[in-house]
Amino acid sequence: MDNIKGISLINNISKYLYIFASTISIIFVCILFYILIGGSFEGLINVDTIINDSESSSQYSNFNQVPLGSRFIGFLLAVLIIGFTLTILKFWKNFISLVNQGKYFEVSTLKNLKYISYFLFGIGTSLFLIEIFTDMIFSTSTSFSNESALNGKNIADNVVNIESSFSLSPIMLMLNGIVIWVLSHILIEGMRIKKENELTI
(Lines give C-alpha, C1' and ligand atoms only; values in the text may rest on other atoms or scores of the structure.)
Protein backbone atom coordinates (compact mmCIF):
# COMPACT_ATOMS: atom_id res chain seq x y z
CA MET A 1 0.00 0.00 0.00
CA ASP A 2 2.87 2.36 0.86
CA ASN A 3 4.50 1.55 -2.48
CA ILE A 4 1.28 2.45 -4.34
CA LYS A 5 1.05 5.76 -2.47
CA GLY A 6 4.71 6.43 -3.24
CA ILE A 7 4.21 5.81 -6.97
CA SER A 8 1.11 8.02 -6.94
CA LEU A 9 3.09 10.81 -5.26
CA ILE A 10 5.94 10.49 -7.78
CA ASN A 11 3.35 10.54 -10.57
CA ASN A 12 1.87 13.82 -9.32
CA ILE A 13 5.31 15.37 -8.80
CA SER A 14 6.32 14.34 -12.33
CA LYS A 15 3.25 16.02 -13.83
CA TYR A 16 3.81 19.31 -12.00
CA LEU A 17 7.55 19.19 -12.65
CA TYR A 18 6.93 18.83 -16.38
CA ILE A 19 4.51 21.80 -16.38
CA PHE A 20 6.94 23.92 -14.34
CA ALA A 21 9.93 23.00 -16.53
CA SER A 22 7.93 23.72 -19.70
CA THR A 23 6.94 27.18 -18.43
CA ILE A 24 10.49 28.10 -17.40
CA SER A 25 11.85 26.76 -20.71
CA ILE A 26 9.43 28.87 -22.76
CA ILE A 27 10.44 32.01 -20.85
CA PHE A 28 14.15 31.19 -21.22
CA VAL A 29 13.85 30.45 -24.96
CA CYS A 30 11.98 33.75 -25.46
CA ILE A 31 14.85 35.61 -23.74
CA LEU A 32 17.41 33.77 -25.88
CA PHE A 33 15.43 34.54 -29.05
CA TYR A 34 15.21 38.21 -28.03
CA ILE A 35 19.02 38.25 -27.71
CA LEU A 36 19.42 36.35 -30.99
CA ILE A 37 17.44 38.90 -33.04
CA GLY A 38 19.53 41.73 -31.60
CA GLY A 39 17.61 42.68 -28.48
CA SER A 40 19.35 44.98 -26.03
CA PHE A 41 20.78 43.16 -23.03
CA GLU A 42 23.46 45.23 -21.34
CA GLY A 43 26.50 43.72 -19.70
CA LEU A 44 30.22 43.23 -20.14
CA ILE A 45 30.87 40.38 -22.58
CA ASN A 46 34.40 39.15 -23.34
CA VAL A 47 34.77 36.74 -26.25
CA ASP A 48 38.14 35.07 -26.78
CA THR A 49 38.39 33.45 -30.20
CA ILE A 50 40.96 30.93 -31.41
CA ILE A 51 41.13 30.50 -35.19
CA ASN A 52 44.10 28.91 -37.00
CA ASP A 53 46.18 28.99 -33.79
CA SER A 54 45.78 32.77 -33.58
CA GLU A 55 44.03 34.05 -30.49
CA SER A 56 42.03 37.28 -30.45
CA SER A 57 39.86 38.91 -27.83
CA SER A 58 36.79 41.08 -28.27
CA GLN A 59 34.85 43.00 -25.65
CA TYR A 60 31.21 44.03 -25.94
CA SER A 61 28.96 46.09 -23.71
CA ASN A 62 25.73 44.57 -25.03
CA PHE A 63 24.68 41.15 -26.33
CA ASN A 64 23.42 42.71 -29.57
CA GLN A 65 27.06 43.58 -30.38
CA VAL A 66 28.16 39.95 -30.25
CA PRO A 67 28.53 38.45 -33.77
CA LEU A 68 25.33 36.85 -35.05
CA GLY A 69 27.10 33.53 -35.68
CA SER A 70 28.13 33.17 -32.03
CA ARG A 71 24.66 34.16 -30.83
CA PHE A 72 23.00 31.71 -33.24
CA ILE A 73 25.22 28.78 -32.21
CA GLY A 74 24.62 29.53 -28.52
CA PHE A 75 20.87 29.77 -29.13
CA LEU A 76 20.80 26.54 -31.13
CA LEU A 77 22.73 24.51 -28.55
CA ALA A 78 20.68 25.90 -25.65
CA VAL A 79 17.37 25.12 -27.39
CA LEU A 80 18.64 21.64 -28.28
CA ILE A 81 19.47 20.80 -24.66
CA ILE A 82 16.21 22.34 -23.39
CA GLY A 83 14.27 20.28 -25.94
CA PHE A 84 16.04 17.06 -24.95
CA THR A 85 15.46 17.75 -21.25
CA LEU A 86 11.74 18.47 -21.70
CA THR A 87 11.35 15.36 -23.83
CA ILE A 88 13.00 13.23 -21.13
CA LEU A 89 10.63 14.70 -18.52
CA LYS A 90 7.67 13.98 -20.82
CA PHE A 91 8.61 10.32 -21.32
CA TRP A 92 9.35 9.97 -17.60
CA LYS A 93 5.90 11.40 -16.84
CA ASN A 94 4.33 8.90 -19.26
CA PHE A 95 6.35 6.03 -17.77
CA ILE A 96 5.37 6.83 -14.16
CA SER A 97 1.74 7.34 -15.20
CA LEU A 98 1.60 3.86 -16.76
CA VAL A 99 3.32 2.32 -13.72
CA ASN A 100 0.79 4.10 -11.51
CA GLN A 101 -1.96 2.42 -13.56
CA GLY A 102 -0.42 -0.98 -12.83
CA LYS A 103 1.04 -1.51 -16.31
CA TYR A 104 4.46 -2.54 -15.05
CA PHE A 105 5.76 -4.96 -17.66
CA GLU A 106 4.13 -3.84 -20.88
CA VAL A 107 5.93 -2.84 -24.05
CA SER A 108 4.25 0.59 -24.12
CA THR A 109 5.56 1.29 -20.60
CA LEU A 110 9.11 0.12 -21.21
CA LYS A 111 9.38 1.94 -24.53
CA ASN A 112 9.32 5.19 -22.56
CA LEU A 113 12.54 4.10 -20.86
CA LYS A 114 14.08 3.39 -24.26
CA TYR A 115 13.12 6.86 -25.49
CA ILE A 116 14.60 8.39 -22.32
CA SER A 117 17.88 6.60 -23.06
CA TYR A 118 17.99 8.12 -26.56
CA PHE A 119 17.61 11.66 -25.26
CA LEU A 120 20.03 11.14 -22.36
CA PHE A 121 22.59 10.07 -24.94
CA GLY A 122 21.62 13.13 -27.00
CA ILE A 123 22.18 15.52 -24.09
CA GLY A 124 25.51 13.89 -23.28
CA THR A 125 26.60 14.20 -26.91
CA SER A 126 25.44 17.84 -27.07
CA LEU A 127 27.34 18.77 -23.90
CA PHE A 128 30.41 16.95 -25.22
CA LEU A 129 30.24 18.94 -28.46
CA ILE A 130 29.74 22.18 -26.53
CA GLU A 131 32.87 21.48 -24.46
CA ILE A 132 34.87 20.85 -27.63
CA PHE A 133 33.36 23.95 -29.23
CA THR A 134 34.12 26.22 -26.27
CA ASP A 135 37.64 24.84 -25.83
CA MET A 136 38.72 24.94 -29.49
CA ILE A 137 36.66 27.70 -31.07
CA PHE A 138 35.90 30.25 -28.39
CA SER A 139 35.70 30.65 -24.66
CA THR A 140 33.48 33.24 -23.08
CA SER A 141 33.58 35.03 -19.79
CA THR A 142 30.60 37.23 -19.11
CA SER A 143 29.85 39.57 -16.28
CA PHE A 144 26.65 41.49 -15.76
CA SER A 145 26.55 44.63 -13.66
CA ASN A 146 23.85 47.00 -12.60
CA GLU A 147 25.34 50.45 -12.29
CA SER A 148 23.90 53.28 -10.26
CA ALA A 149 25.11 56.88 -10.22
CA LEU A 150 25.93 58.38 -6.85
CA ASN A 151 27.60 61.83 -6.50
CA GLY A 152 28.82 61.64 -10.10
CA LYS A 153 30.44 58.22 -9.58
CA ASN A 154 29.37 54.88 -11.00
CA ILE A 155 29.02 52.09 -8.44
CA ALA A 156 28.74 48.52 -9.68
CA ASP A 157 26.18 46.45 -7.79
CA ASN A 158 25.08 42.83 -8.02
CA VAL A 159 27.99 41.68 -10.15
CA VAL A 160 27.59 38.11 -11.36
CA ASN A 161 30.35 36.34 -13.24
CA ILE A 162 29.34 33.59 -15.65
CA GLU A 163 31.92 31.28 -17.21
CA SER A 164 31.40 28.48 -19.64
CA SER A 165 31.57 25.34 -17.49
CA PHE A 166 29.57 22.17 -17.07
CA SER A 167 29.09 20.35 -13.77
CA LEU A 168 27.53 17.30 -15.40
CA SER A 169 29.90 14.95 -17.14
CA PRO A 170 28.77 14.37 -20.75
CA ILE A 171 30.39 10.94 -20.75
CA MET A 172 28.33 9.89 -17.69
CA LEU A 173 25.10 11.02 -19.35
CA MET A 174 26.00 9.08 -22.49
CA LEU A 175 26.84 5.96 -20.44
CA ASN A 176 23.59 6.27 -18.47
CA GLY A 177 21.69 6.50 -21.74
CA ILE A 178 23.38 3.35 -23.04
CA VAL A 179 22.74 1.43 -19.79
CA ILE A 180 19.05 2.39 -19.70
CA TRP A 181 18.69 1.45 -23.38
CA VAL A 182 20.27 -1.97 -22.79
CA LEU A 183 18.03 -2.67 -19.76
CA SER A 184 14.85 -1.58 -21.54
CA HIS A 185 15.84 -3.62 -24.63
CA ILE A 186 16.43 -6.73 -22.50
CA LEU A 187 13.09 -6.34 -20.70
CA ILE A 188 11.14 -5.74 -23.93
CA GLU A 189 12.75 -8.70 -25.69
CA GLY A 190 12.18 -10.89 -22.63
CA MET A 191 8.48 -10.01 -22.64
CA ARG A 192 8.20 -10.78 -26.34
CA ILE A 193 9.89 -14.17 -25.92
CA LYS A 194 7.60 -14.97 -23.00
CA LYS A 195 4.50 -14.10 -25.05
CA GLU A 196 5.75 -16.22 -27.97
CA ASN A 197 6.32 -19.18 -25.66
CA GLU A 198 2.82 -18.77 -24.19
CA LEU A 199 1.32 -18.77 -27.69
CA THR A 200 3.22 -21.89 -28.75
CA ILE A 201 2.05 -23.75 -25.63
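A brief structural summary. Source: prediction; values computed, not measured.

Next up on the list: the side chain of serine 25. Within the secondary structure, serine 25 is located in helix α1 (residues 2-36). If near-sequence neighbours (up to four positions away) are discounted, serine 25 is found in contact with Ile82 and Leu86.

With that out of the way, let us pick up the packing of aromatic side chains. In the structure shown here, the tally under the stated rule is 6 aromatic pairs. When the ring centre of tyrosine 18 is taken as origin, the NZ or CZ atom of lysine 93, which lies over that ring, is 5.4 Å away.

With that settled, the discussion passes to the environment of glycine 83. Tracing the chain through its elements places glycine 83 in helix α2 (residues 68-100). Taking the relative accessible area as the measure of exposure, glycine 83 reaches 29% and is therefore partly exposed. As a C-alpha pair, glycine 83 and isoleucine 123 span 40 residues in sequence and 9.4 Å in three-dimensional space.

With that out of the way, let us pick up the side chain of lysine 114. Relative to the helices and strands, lysine 114 resides in helix α3 (residues 107-136). Although buried, lysine 114 forms no salt bridge, and the nearest oppositely charged side chain, glutamate 189, lies 5.9 Å from it. Apart from the residues lying within four places of it in its own chain, the contact partners of lysine 114 are Trp181, Ser184, His185 and Ile188.

The rules behind the values
- Residues numbered from 1 in each chain as written.
- Predicted model: local features only at pLDDT ≥ 70, side-chain atom pairs only at ≥ 80, totals over all residues.
- Heavy atoms only, no water.
- Helix = DSSP H or I, 4+ residues; strand = E, 2+ residues; numbered from the N terminus.
- Contact = heavy atoms within 4.5 Å.
- Phe/Tyr/Trp six-rings, centres within 6.5 Å; stacked < 30°, edge-to-face > 60°.
- Lys NZ or Arg CZ within 6 Å of the ring centre and 35° of its normal.
- Buried < 20%, exposed > 50% of the residue type's maximum accessible area, 1.4 Å probe, protein only.
- Lys, Arg positive; Asp, Glu negative; His and termini not counted.
- Salt bridge = Lys/Arg side-chain N within 4 Å of Asp/Glu carboxyl O.

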